[in-house]
Amino acid sequence: MENKVLYVRLPCNPIFPIGVVYLADHVHKLFPKVEQRIFDLGAVPPLDYRTALDNCIDKFRPNLLVFSWRDIQIYAPVGGRGGNPLQNAFEFYYAKNPLIKLRGAVGGLRLAASYYTELWRNIGLIKQGLKRAKVYRPETRAVIGGGAVSVFYEQLGRSLPTGTIVSVGEGEVLLERLILGEDFRDQRCYVVGETSPRDRLIHEKPAPIEKTACDYDYINSIWPEFVYYLQDQDFYIGVQTKRGCPHNCCYCVYTVIEGKQVRINPADEVVAEMKQLYARGIRNFWFTDAQFIPARKYIDDAVELLQKILDAGMDDIYWAAYIRADNLTPQLCELMAKTGMNYFEIGITSGSQELVRKMRMGYNLRVVLENCRDLKAAGFNDLVSVNYSFNVIDETYETIRQTIAYHRELEKIFGAEKVEPAIFFIGLQPHTHLEDYAFEKDILKPGYDPMSLMPWTARKLLWNPEPLGSFFGEVCLEAWQRNPNDFGREVMAILEEKLGCAELNEALSAPIVSEKNQKHLARVN
Ligand code: B12
Ligand code: SF4
């Protein structure tokens, strides 16, 4: 019997399911005769998940079920699916007022309940789908992948049905092998109940495939609900322009999952893909790369792409991305402004050069400021989100003062109302340098469960160690009390009231520390 592939995007906030779209496109280009269907639970009301999945399987009768799971970790500083996770956790851990502590505990319980419910619900959907599909095609296999699976592949396997293939990173080649019925065990995956994940599986290099423009006529033909994403004018549709990131930031696992080798998608192909979306009325694009300009040597590629977007006549679009603002030139800044970049996120994490170096982030903060000035001069006048994560390693009152000085300088450049400090606390992820550091410092023990939301584990995974942990806890609680709608700015204001602001020059200079005295993070890759 013919292969029939059903892609099930597991429930998720309404973010465009670019992962399954690209996989289906890739498979179609290689095997045009294979029948495929995309089923997006992100566009189905929660009460209908189970029935809708059954109905879809009854109609389509697949023999390969491709489950895509995007996100699991929820420590965002903003209202999440079960409330404001960071606020609940902090109220529970740090509030002195017993009533607020109790509120935190109740909120935390609600949150933990919603977290575990989602986890078990998704696992239940995978089991249900597989069972249903086997009624029609007993040989049906399930394979799961996506952002969340790549991070938690070791833990997720424990709860899945025997025979499920658990995949890390890009899934294109794995699906090719499955469709051809070929051996796939050299791919970054393992089979539940049959093989265990290889040691350092996550560090294996992804396959160097060259991406071509996604064929959206085809995608529309296998995914009637596609139009759902075209209706909302404010929606940002994902387009990937490259894969991989050469950096080594201590808390990031994506440099490992996507690999350090940057693979650029040809600009003509990216533009051809955007043109199809443009023709369907899309004007907002999110370049979903881990970093849009990962290093200086990719500046030319970014210039080429943006110039080609203009040449194609798409001069009324808006776009957003994660931008390493140390890799800009005046020419690139001009093109960014001209092509409609109206939002970007810089993940500098700290405004202290000393800490940025200790976290292995490879940023030169002075260069970031110079480039931001160029961007402003080029006419960029929109929103910048600056991601700060306090207290990652070796934070002191002095480095906090430096971060404030840095942030105030960014405000001088863009205008205070345009620079949004996004205060994240790192959610510790497995296979990162930070995890290794936590082992070294005895904060975590090998064998801990990185997916646990039990208060004693979650307190360590939501990275905010003492001695400064309680201080930050109290500052954040005060900020939520004073102005919950402008949390980030309020945190900065309170920190400045309490500690003052350093000279900018102190923030920008990192004292040279001898190799011997430098407290560095152990290498894990
Ligand atoms: C861009 C991005 C965003 C953008 C998205 C913009 C947009 N309109 O698309 C923004 C900034 C909005 C965002 C927000 C968040 N994000 Co985000 N985001 C990313 C990022 C950088 C890229 C995702 C992407 O689209 N990649 C491109 C597509 C093509 O790749 P893909 O979907 O991963 O699919 C490929 C593979 O995964 C695989 N694959 C996918 N499905 C399947 C299935 C099978 C069976 C197989 C074999 C393979 C496979 O093949 C695909 C093609 O190669 C990733 C990190 C990363 N570098 O991937 C984080 C990431 C997905 N985000 C993450 C999170 C947590 C979030 C937030 C929840 C953060 C927060 N706390 O607020 C929010 C909320 C998202 C929501 N659902 O509401 C996590 C999810 C995992 C986790 N830790 O739980 C990631 C992985 C980052 C990380 N290291 O933790 N995000
Ligand atoms: S620059 Fe971004 S994607 Fe690259 S390693 Fe650092 S945090 Fe990860």
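Heads up: the structure comes first, above all this text.
Now for a quick tour of the structure. (Residues numbered from 1 in each chain as written. Chains lettered and ligands numbered in written order. Predicted model: local features only at pLDDT ≥ 70, side-chain atom pairs only at ≥ 80, totals over all residues. Heavy atoms only, no water.)

**Considerations on the site of ligand 2**
Our working definition: Proximity is defined per residue: if any heavy atom of the residue lies within 4 Å of a molecule or strand, that residue is considered near it. Residues are grouped as follows: nonpolar covers Ala, Val, Leu, Ile, Met, Phe, Trp, Tyr, Cys and Pro; charged covers Asp, Glu, Lys and Arg; every other residue, Gly included, is treated as polar.
By nearness alone, every residue bordering ligand 2 is listed as Cys245, His247, Cys249, Cys252, Thr255, Ala290, Gln291 and Arg324. Of the residues contributing to the shell around ligand 2, the split by class is four nonpolar, three polar and one charged.

**Topic: the sheet that holds strand β12 (residues 341–349)**
Note the following rule: At least two DSSP bridges between two strands are required for those strands to pair. We count a stretch as a helix when DSSP gives it H or I for four or more residues in a row; a strand needs E for two or more, and each element gets its number in order from the N terminus. Structural elements are reduced to axes, namely lines fitted to C-alpha atoms, with helices fitted over the stretch in contact, and the angle between N-to-C directions of any two is expressed from 0 to 180 degrees.
Taking strand neighbours across the sheet as the criterion, the six strands line up as β7-β10-β11-β12-β13-β14 in an open arrangement whose pairing is parallel. At either margin of the open sheet sits one strand with a lone partner, and together these are β7 (237–239) and β14 (419–424). Here the average twist between neighbouring strands, direction ignored, is 25 degrees. Two strands pair when backbone bridges link them, and strand β13 (residues 383–389) and β14 are joined in this way by six bridges, in the parallel orientation. Its bridge partner being in β14, Val386 is matched across the sheet by Pro421.

**Quick look at the site of ligand 1**
Under the convention used in this document: Definition of a polar contact: a pair of N or O atoms within 3.5 Å, with one able to donate and the other able to accept a hydrogen when the atoms are protein atoms, and with sequence-neighbouring residues admitted only if both atoms are side-chain atoms.
In the region of ligand 1, 37 residues are neighbours, and Ser68, Ile72, Gln73, Glu258 and Gln429 sit closest. Contact distances for ligand 1 include 2.8 Å between a nitrogen atom and a side-chain N or O atom of Asp71. Between ligand 1 and Gln429, the relevant distance is 2.8 Å, taken from an oxygen atom to a side-chain nitrogen or oxygen of the residue. If you list the elements that add at least two residues to the shell around ligand 1, you get α1 (18–30), β3 (64–68), β4 (141–145), α5 (147–151) and α7 (172–180). Take the shell around ligand 1: its biggest share by element is four residues, from α1. Within the shell around ligand 1, the residues separate by chemical class into 18 nonpolar, 13 polar and six charged.

**Structural notes on a nonpolar patch on the surface**
Rules: A patch is a set of surface residues, each over 30% in relative accessible area and not in a salt bridge, joined within 9 Å for like charges and within 5 Å for the nonpolar side chains Val, Leu, Ile, Met, Phe, Trp and Tyr. For the area figures, the Shrake-Rupley method with a 1.4 Å probe applies, and any residue is considered shielded solely by the protein chains shown. The term salt bridge refers to a side-chain nitrogen of Lys or Arg lying within 4 Å of a carboxyl oxygen of Asp or Glu. Think of it in three bands: residues with accessible area under 20% of the maximum for their type are buried, residues over 50% are exposed, and the middle band is partly exposed, with areas taken using a 1.4 Å probe on protein chains only.
A surface patch of nonpolar side chains, about 310 Å² in accessible area, is lined by Leu99, Leu102 and Val106. Counting through the fold element by element, Leu102 comes out in helix α4 (residues 98–136). Classification of Leu102 as exposed rests on a relative accessible area of 52%.

**With respect to the sheet that holds β3**
Quick reminder of the rule: The contact definition used throughout considers only heavy atoms, calling two residues in contact when any of these lie within 4.5 Å.
The mixed open sheet is built from six strands, whose spatial order is β2-β1-β3-β4-β5-β6. Of all strands in the sheet, those bounded by a partner on one side alone are β2 (35–40) and β6 (189–191). In this sheet, neighbouring strand axes are inclined to one another by 20 degrees on average, regardless of whether the strands run parallel or antiparallel. By the bridge criterion, five bridges tie strand β1 (residues 4–9) to β3 in an arrangement that is parallel. Note that in β3 the partner of Val5 across the bridge is Leu64. Its contacts with the sheet put α1 on β1, β2 and β3, and the angle it makes with β2 is roughly 175 degrees. Strand contacts of α4: β3 and β4, with the helix running at about 170 degrees to β3, the strand carrying the most contacts.

**Points about helix α17 (residues 433–440)**
When we look at burial in α17, the residues that qualify are His433, Leu434, Glu435, Tyr437 and Ala438. Immediately downstream of α17, the backbone of Asp442 shows phi near 65 degrees, a positive value.

**Re helix α19 (residues 469–482)**
Basically, it comes down to this: Under the convention used throughout, the expected extent of a helix is 1.5 Å for every residue step, that is, one less than its residue count.
Taking 1.5 Å per residue as the helical rise, α19 with its 14 residues ought to reach 20 Å, and the 20 Å between its terminal C-alpha atoms agrees with that figure. Along α19, the positions that sit buried rather than exposed are Gly469, Phe471, Phe472, Gly473, Val475, Cys476, Leu477, Ala479 and Trp480. Buried residues belonging to α19 abut α3 (85–94), α16 (397–414) and α20 (487–499).

**Description of unusual backbone geometry**
For the bond from Glu466 to Pro467, the omega torsion is 15 degrees, close enough to zero to count as cis. Residue His431 is not a glycine yet carries a positive backbone phi of 65 degrees. Mapped onto the fold, His431 is located in the loop between β14 and α17. A positive phi angle, close to 65 degrees, is found at Asp442, a residue other than glycine.

**Comments concerning the environment of Asn97**
Tracing the backbone shows Asn97 in the loop between α3 and α4. As for Asn97 and His407, which are separated by 310 residues in sequence, their C-alpha atoms are 31 Å apart.

**Overview of the packing of helix α15 (residues 365–377) against α16**
Cut-off, in case you're wondering: Every angle not falling under 35 degrees, over 145, or within 65 to 115 is termed oblique; those three ranges are roughly parallel, roughly antiparallel and roughly perpendicular. Handedness of a crossing is defined here by the sense of rotation of the near helix relative to the far one, left-handed for an anticlockwise turn of less than a right angle and right-handed for a clockwise turn.
Contact geometry for α15 and α16: axes closest at 9 Å, N-to-C directions at 15 degrees. Classified by the angle between their axes, α15 and α16 sit roughly parallel to one another. Between α15 and α16 lies a crossing of right-handed hand. Only Tyr406, Glu409, Leu410, Ile413 and Phe414 of α16 make contact with α15, whose side of the interface consists of Leu365, Val368, Leu369, Cys372, Arg373, Leu375 and Lys376. Per-class residue counts for the contact of α15 with α16 are nine nonpolar, no polar and three charged.

**A few points about the pairing of β1**
Put simply, side chains in a regular strand alternate between the two faces of the sheet. Stated formally: Orienting the strands away from the viewer, one traces the path from the first strand over the helix to the second; a clockwise path indicates a right-handed crossover.
Along β1, six of the six residues are buried, which leaves the element largely enclosed by surrounding structure. Side chains Lys4, Leu6 and Val8 of β1 all project onto a buried face; the interleaved residues Val5, Tyr7 and Arg9 project onto the opposite face, where all are buried too. One ladder, built from six bridges, connects β1 with β2; its direction is parallel. Within β2, the position partnered with Lys4 by the bridge is Glu35. Handedness of the β-α-β unit built from β1, α1 and β2 comes out right-handed.

**Details of the packing of aromatic side chains**
Here is the rule: Here a Phe, Tyr or Trp ring, Trp counted by its six-membered ring, pairs with any other such ring whose centre lies within 6.5 Å, and the pair is stacked when the planes are under 30 degrees apart, edge-to-face when over 60, and tilted otherwise. In this analysis the charged atom, NZ for Lys or CZ for Arg, is taken to sit over a ring once it is within 6 Å of the ring centre and within 35 degrees of the ring normal.
The final tally for this structure, using the stated rule, is 31 aromatic pairs. Their ring planes at 80 degrees and their centres at 5.0 Å tell us that Phe90 and Tyr94 sit as a pair that is edge-to-face. One end of the pair is Phe90 and the other is Tyr94, both in helix α3 and four residues apart, which spans about a single turn. For the pair shown, Phe90 and Tyr94 are each scored as buried. Relative to Tyr322, the ring of Trp286 lies with its centre 6.1 Å away and its plane at 75 degrees, an arrangement referred to as edge-to-face. On the criterion of sequence distance, the pair formed by Trp286 in strand β10 (residues 284–287) and Tyr322 in strand β11 (residues 318–322) is long-range, its members being 36 residues apart. The structure contains a cluster of three or more aromatic residues connected by ring pairs, namely Phe90, Phe92, Tyr93, Tyr94, Tyr388, Phe390, Tyr397, Phe425, Phe471, Phe472, Trp480 and Phe487. Taking the ring centre of Tyr363 as reference, the NZ or CZ of Arg324 above it sits at 3.8 Å.

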